[in-house]
Amino acid sequence: MFCTHLWTTLQPGCLERPVSMEDHELTHSEGEQQISPQPFLEEEEEEDAAGQFSDVEGPWKEYELEENLFGGGEMGTKDTSGDVGDQSDSSTESLEHSLGDISNTRALLAEERIHIAAVQRNIKLLDDMVKEKKLVVQKTGQKLCACQLRIKMLAEQLDRVDMEIEREKEAGNVPALSRLRAVSRRLHSELEREKESELIIDLKLNQDKMEMWEIEIEQGKYEAIRDKLEQEEEQLQRHYQEQREGRIRKERRTALQAEGKRRSREQKEEKAQKEHEERKKKILEDAKRNHKKAACFLKQSTARIHDKIAKEEEKTQEHMERRIQAVLSLKTSITSNREKLQTLQVLNKAKALEAKEEEMKMREAILAEGGNVVQEIFLHKRQLKHEKEEQAFRELQKSRKIEIVSRILKEEASLHKQKESQSRMRATKARGKVEDPSVQRKEAWPCREETCTRAGGATAQESWLSPSPPSLAGEGTAPEGGSPEVTAQDVLWESGDDEKEKEKTLLEPEFPGLWGQEYDLHKIPKEEVDPTQLAIRALKKEVSENKMEEFQPGSLAKQTVPGREHKGCAFHSKPSCIHFKDFDVGQTYKKKIILTNASYSVNYCRLVGISECLKDFISVHFDPPGKMSSGMSCEFVVTFKPMINESLAGEVMFVAQTGSFSVPLQCTVKSCVLALDKELIDFGSHVVGETISRTISLTNSGALGTRFQVQTSAGDRSTHRATAKPAPGRMVPRHSSGCDPEEEGSSSPGAAGLGKQVRICAEPGEEVTPCAAQQPQGPQSSSATEQLDQEVLSMRSDLDTDNARDSVELSPEETPVEIMLGKVTEGEVGPFSSVKVPVLFVPAVPGDVRAEFVIVFDNPDCKPLCFSAVGVAVDVPLWVPNPDVDLRICLYDRLYQDCVTLRSRASTTLRFKFEVCKELSKHLELLPRTGYIQAQSAFSAQLKFLPRQSLPEDAGNYFNAETRILEVPVTIVIMDKARTANFTVHAIVSSSDLEISPAEINFGHCTIYEAVQANVTVTNKCILPQEFGFVGLPEFVEVQPNDGFGVILPLESLTLDIIFKATKAKEYSFDLTCTTEINRQFKLSCKAVGVHPPLELSHSLVQFAATALNSVSEATLDVLNPHVSGNSLIHAVPRIGTGEPAPVGPTSFEFHVPEDCPVTITPSVGTVLPGQKSSIRVSFSPALPEQLVREEAARRLSRAAVPEAGIQIPSGDPQGLMDKEKKNGKREGKKLSISIPKQPENNGSRKSLTGEPKPEELKPDSDAYRAAQASLMRSFSGSFKKYIVPCFVASGQAAGEKGSGHLSCSPYNTLYLELHCPAVAPPVLVTSDSGDSTVGFGDVSVGHRMMKRITLQNISLGRVGLGFSALNPNGPFLLVRAVRMLEPGESKALVISFCPDEDKWFCETLDIRVANSTLNLSLSGHGVVPGTVCSVEGVLDMGYVMAGEQVTSTVQVQNTSSLALPFCTQLDSLSPTRDRDRQSIPAFLSSSGQRTEFVGTQNYSGLSVFSVFPTEGEIEAGKSQEFVVTFSPDHESLYYSDRLRVVLFGKQTAHEIPLRGAAREHPMFVEGGLPLDVPVESLAVTSSVPSQEALTAEPQEPVRSLLLLLEHVDGGSPAEPARAELRVGAVDTPLLAAKKAVEFSLDSLPELERAGITVEEPRGALERGQERSIRVSWAPPAELSVSDPPLVTALLTLKGDITECYRVLFMARVVSACAPTP
């Protein structure tokens, strides 16, 4: 079959060659005997290949470029060679074309080089394919020759067999003939198979040749390309050579240039060096001259720097004092707040306790009455809640009532205004004025406005009843912007019948067309109905309708230009809004408006009209300009002739080609816009008796003037001296501050019907305070108004009563008026003008003064304006601007000064003196004590404060010992004045002591090789920070940190380390001095004893590198013995203090490592001779604490057991569970003890039925322990610990050495080794087998191989490389596959195999090196020689069985080794090689001595005679396995045999058990003697069913002959007769009767006796399954001839279901004792 995949390699750009199945078969045919590599090695090769591919990313990019140049990667597979040829031709042409282009170019580009490389690879690939295909054709030809040779040999064998068949046929040898025919059939079948194989191989050879020829043809097509490539390669090499030569020349030129530059640079440097030296000399001379000049300036600069530093220190000191003061004040406020909170908590607890007691009392009362406690308490709580809601509702009703009253008062004012306007209208008409239609329209305009407004959807008034005609007329005269509340109050006013009658009589209209009937605003009066006018109007209406139809939205055209479409208004007006501002009735106003076409193309516009409400006052003159280009403008004139003094609003509507647009129009009347420049006048502080004036400006920015009047606010005729306290529960939430402007506006003088107006005002930050505004008296109000006023006054009186308890306001009679108005209190404010109102402040009584004023206006549309004035009155002529003199923090016995400034308000000179309390006269002084201060001037006095140590006792109550605060009151006595001025001096007095604890340090014994550290605590008793320092330290003492210098904060305690390092052996006693910045000194006494030990360490500090968990870091150091001489004059000798020197000689040491220290020191004990050293190794192996791992494992097990426990615990009713258990107990008739699990009270979690595991119970080899250890190692964040290991030193030999004995060591000679041990998480973990790093292979049979996978995971953040230590090359362990690189988070498995070669334990360690850590894998395995014992030794005889029946027997095999043994059983009769073994010479043709086969007669049915169960399995260590052997023959034969093999591990035979059995068709047998027939059956199949004649007829001849050989040994003493026996048996089968199933008898007994043969029991009967022996003995007679041994024949008859006869030949002979037995 032609392999189509092969041709894909011929296409350009293909790098890989797919291999067909045929190639694989041919390739592996030669190496069939070669063992294929293991899969693990294949995986390792794949990983190595992957690593190689990762290094060639650059060439791979070139390969992609190559594919792009050739038109893309692999081409599709074709089915015929013709298509392939076409493709190859086209590709060849393209290659030649590309090579031709390349040859035309001198310099090859990178893409072209890639192209040429690809072509070369393809040509090389074709060459390789040709070689490979030739090799395939050669191998196929060889196979064909071998096949033909086998065919020839088979033909020759077949001829020989045919010839033998002819000979045997002539000889009549039926068995041989059958055998030869079987051989002939087998040879025929093999010959046919070989011929078929020959045809297949021949066909394949032809296909391979065809493929080879096609490839050679294709190769020939590339010959031209090959030649061109060679030429191009030569040309390319020449080009490269030229480039190299050019580069060399260029480099030479560059080197020459560089050399020239270097020389010029050196010359320049020499020149510059000379200039530099000259300049340096000059600079030195100038420096010497300038040094003298600068010396004088240096002192001045130093002085300035010192001054600057002193100022900065003062600023720092002041800042620290401010901070301390802030801290103390914060502490005080925190304390007070804490006390307040505690008080509130106590009150709340008391209230809660009282409420609880009341509830308990109520419960007791209800229980005593026998009521329902729960129901009564619930009803009581509901009742309390209802009462609270009612209280809140009443408060809400009160506030709403106040709002309603205010609305009613506003309504009264509006009604009063309506009545006045209507009365003026009636008076005008009574004078007989002629009615004008324009006036009628003016009068009707408000109604039209109101109607339009109502039709527009003013839904706020729809809930009220429709107002009466008088009210409607009144509303028509109201302002346009009136509130809907005024209209809504009409319904309330209609409740009074008397008032309705008065209004009906007073408000009867004179125009019945407007009020007397339903009047249509759009209906034309009859007087104006003129036919001509009607026709004109109809014509205009028709024309306008036609115009509107023309400009329907559907017919409008969109204006578009290339790229965009016009959107929005097509015309812009200038101005954008037509506004007639501040107009006068009766005047005519005109405005010109310009319309500009803002669209993108030609457009036009037409006037549609104006708003309906503007038609009576506005006229528009517009001449249509026709079509207008973009950007063109047109004009129209708007004429406004106002007839009424009302504001109007509408629009002028136009229609353009692109749609309709409008220009808004507004007409506003003149108005007053009033404002104050400020709302608060602050007079400041002034002396009583002065007069101060301030002004406030009232500005009118409107076009309408008005009169104003300034008066005091309601209830504020006199100034306030104090502020009212808030009254709880009496606040109106709607008004939070100031006065309501709407309510103030309603209290204007224009409201003539009201005598008083009630307002609710509130000052900022205060609760609502009622104030009544006194208004000028107007006309007498109605009775209804008086009633409402009374109700309001009663409500306000309630509020005043509630607030009167807390009010401290003085009555007007007691408080004089201090803030008052000036001369201007009323006047006229014109349009666009301002007026200044003066306010005077005349302080009369010391204290704060406040006054409220209100400005009211005659214009009813102007709301009142409010402003306030405040001031402070003082009466002392002499005062201190700074009444609190703060000296801040002061220290004892130090002088502090400050300046106290006095100021005078008096107009004359004053005399004064300072008085200090007697208690503090020794500490505080003011200079001068007496002085004079001029009028309106200042005076400065000097304050000196020198606190002494007796200040706390002298000051008494002025000094607080806890807070250290001193408050000294100082009185300024003014001569001839009763009043005095006071000020207070504040200071915080603190001590400057430093307390050092402990006051004395004893360092004890310290060796000269170490330093001893002691801690002292320095406490600052001062509340100021202090600088301190230990000065004058001896050379063997060090104070840390900062060398004993620093700053200690107020009341802070610092711990300092005093480090003592002895320089020699002696006793030390010294003092350390601590000095503060104010030159105070504090002493610290120290003592120590210096020790010179006899040994020393080369390094007293070992710093290990960061070591991963379960890894090891090592360090090496030496123990030295420098003590070689006892002469103290030569060098320092080892001693303790001033004691005796240590003896010269061997000195021993011993390291004591702490128990919890993961450090090992080897050797830990040793002896060092004088002048020598001993090396020790320190190993650091960090590991997780065992207890921590156990606790984590217990937690993980507990979490895992929670859901299981939740499933086990029933969630149903415990009572039902108990009933169920009781029923089960009754059935069993036993008493059950039932325990119901208690439900948890607070939480819903259930406890597990099984107890939580204890950490102590977990074993280190358990899975939970290993999983917890792996989890902790993953989350391990690192640790750093320090350990100090003592090394004890003693003079003499250590224990176990020569001359050793009991050594006594001094603790003062102890050396100390400090270890710094950082531990980190390992970068790589073992994740397989729960993270166990011990790889145990267990018991493995010798010669067998076991493999294990160990999974490694990278838990670090970076990529890590792995290295492995070498294993023993002769050992059983082998690293099959290694892992070289791990990405972050990646897991890979390494494979280790174990193959023991002897019976013993093997242990080895594999070190995995990762970065700076090592992961140790402990490998262990036990090689075991498998041992078994079989219960059957020799042949397993199954005995005699009836044909067609079966019998079983048991064989037991015991495993005596320590590993489980997998086994399988094999029978030789079922061996796959049995057919091949049977091709040899048949067994019956050879002698019995040469027969080696174990398989005997087999069943005719093809089923196996012997079967074994089980056929495979595993025998556990120390246990036995029973094999049941079943014997089931299907025909009679005495030569059934087979061999049973017990095979271990699939290849090792442990036991071979021969199996033997015999089958009879009749239930009787005879056994013994030597058989005289062949043991192999004939190939002819005989019938197993005897004929009926054979069953009935008597036997004519014996069926079998037996030879019984009796051999007498001559020369033996005493002479023993020869013995032999025959066994006669009855088969155990149900075919026989139970008793005497078989009878036997032996005849010819006389003849036997004559021959000297004695027979015992020649006759007998046998039962089923019974056997009996016929014993025969022979003693040779004296006259026996040796040359003629006796031979006697006897007939043995057996009677059962049939009668059988056996011919027994008794042969007796005499043999010598040394003769061998044949």
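Here, the structure is the one placed above.
Residues numbered from 1 in each chain as written. Predicted model: local features only at pLDDT ≥ 70, side-chain atom pairs only at ≥ 80, totals over all residues. Heavy atoms only, no water.

**Remarks on the sheet that holds strand β55 (residues 1346–1354)**
Let me state the cut-off plainly: The rule for pairing is simple: two strands pair if DSSP sees at least two bridges between them. A run of H or I in DSSP counts as a helix once it spans at least four residues, and a run of E counts as a strand once it spans at least two, with each numbered from the N terminus. Angles here are taken between N-to-C directions and fall from 0 to 180 degrees, while the axes themselves are lines fitted to C-alpha atoms, restricted in helices to the stretch in contact.
Across the sheet, 4 strands lie side by side as β53-β55-β59-β57; this open sheet has antiparallel pairing. The open sheet is flanked by β53 (1324–1326) and β57 (1373–1377), the only strands paired with a single partner. On average, each strand axis in the sheet is tilted by 35 degrees relative to the strand beside it, whichever way the strands run. Strand direction decides the pairing type here: β57 and strand β59 (residues 1387–1394), joined by 4 bridges, are antiparallel. Within the sheet, the bridge partner assigned to Arg 1377 lies in β59 and is Val 1391.

**Brief notes about the sheet that holds strand β64 (residues 1447–1455)**
Strand order in the open sheet formed by 4 strands is β62-β64-β68-β66, with antiparallel pairing between adjacent strands. Because the sheet does not close on itself, it has two edges, and the strands there are β62 (1428–1430) and β66 (1506–1509). With strand direction ignored, the average angle separating the axes of adjacent strands in the sheet is 25 degrees. Across 3 bridges, the pairing between β62 and β64 is antiparallel. Bridge pairing in β64 links Thr 1428 to Asn 1455.

**Notes on the side chain of Thr 706**
Quick reminder of the rule: Buried, partly exposed and exposed residues are distinguished by accessible area as a fraction of the type maximum, computed with a 1.4 Å probe on protein chains only: under 20%, between the cut-offs, and over 50%, respectively. Any N or O atom pair separated by 3.5 Å or less is treated as a polar contact, with the protein-specific requirement of one donor-capable and one acceptor-capable atom, and with residues adjacent in sequence counted only for side-chain atom pairs.
The topology assignment puts Thr 706 in strand β14 (residues 706–712). On the basis of relative accessibility, which here comes to 4%, the residue Thr 706 falls in the buried class. A distance of 3.2 Å separates a polar side-chain atom of Thr 706 from the backbone nitrogen of Asn 859.

**Section: unusual backbone geometry**
A negative phi angle is the norm for most residues apart from glycine, just as the trans form is the norm for most peptide bonds. The omega torsion across Thr 1162 and Pro 1163 is -10 degrees, close enough to zero to call that bond cis. For Pro 1163, the position within the fold is in the loop between β48 (1159–1162) and β49 (1165–1168). Here the amide bond leading from Phe 1509 into Pro 1510 is cis, since omega sits at -5 degrees, within 30 degrees of zero. Within the secondary structure, Pro 1510 is located in the loop between β66 and β67 (1512–1515). Although it is not a glycine, Asp 582 adopts a positive phi angle of roughly 55 degrees. Given a relative accessible area of 21%, Asp 582 falls into the partly exposed group. At Asp 1043, a residue that is not glycine, the phi angle is positive and equals roughly 60 degrees.

**Considering the environment of Ile 1176**
For the record, the criterion: Contacts: residue pairs with any heavy atoms within 4.5 Å of one another.
Mapped onto the secondary structure, Ile 1176 falls in strand β50 (residues 1173–1180). Taking C-alpha positions, Ile 1176 is 7.7 Å from Ser 1164, a pair spaced 12 residues apart along the chain. Ignoring anything within four residues of it in the chain, the contact list for Ile 1176 reads Ala 1115, Thr 1116, Leu 1117, Val 1119, Phe 1149, Phe 1151, Ile 1161, Thr 1162 and Pro 1163.

**A closer look at the packing of aromatic side chains**
Here is the rule: Think of it this way: a Phe, Tyr or Trp ring, Trp meaning its six-membered ring, pairs with another when their centres are within 6.5 Å, and the plane angle makes it stacked under 30 degrees, edge-to-face over 60, tilted otherwise.
Under the criterion given, the structure shown has 29 aromatic pairs. With a centroid separation of 5.3 Å and an interplanar angle of 85 degrees, the aromatic rings of Phe 1463 and Phe 1523 are classed as edge-to-face. One end of the pair, Phe 1463, is in strand β65 (residues 1461–1467); the other, Phe 1523, is in strand β68 (residues 1520–1527), and 60 residues separate them in sequence. Of the two residues, Phe 1463 and Phe 1523, both sit in the buried class.

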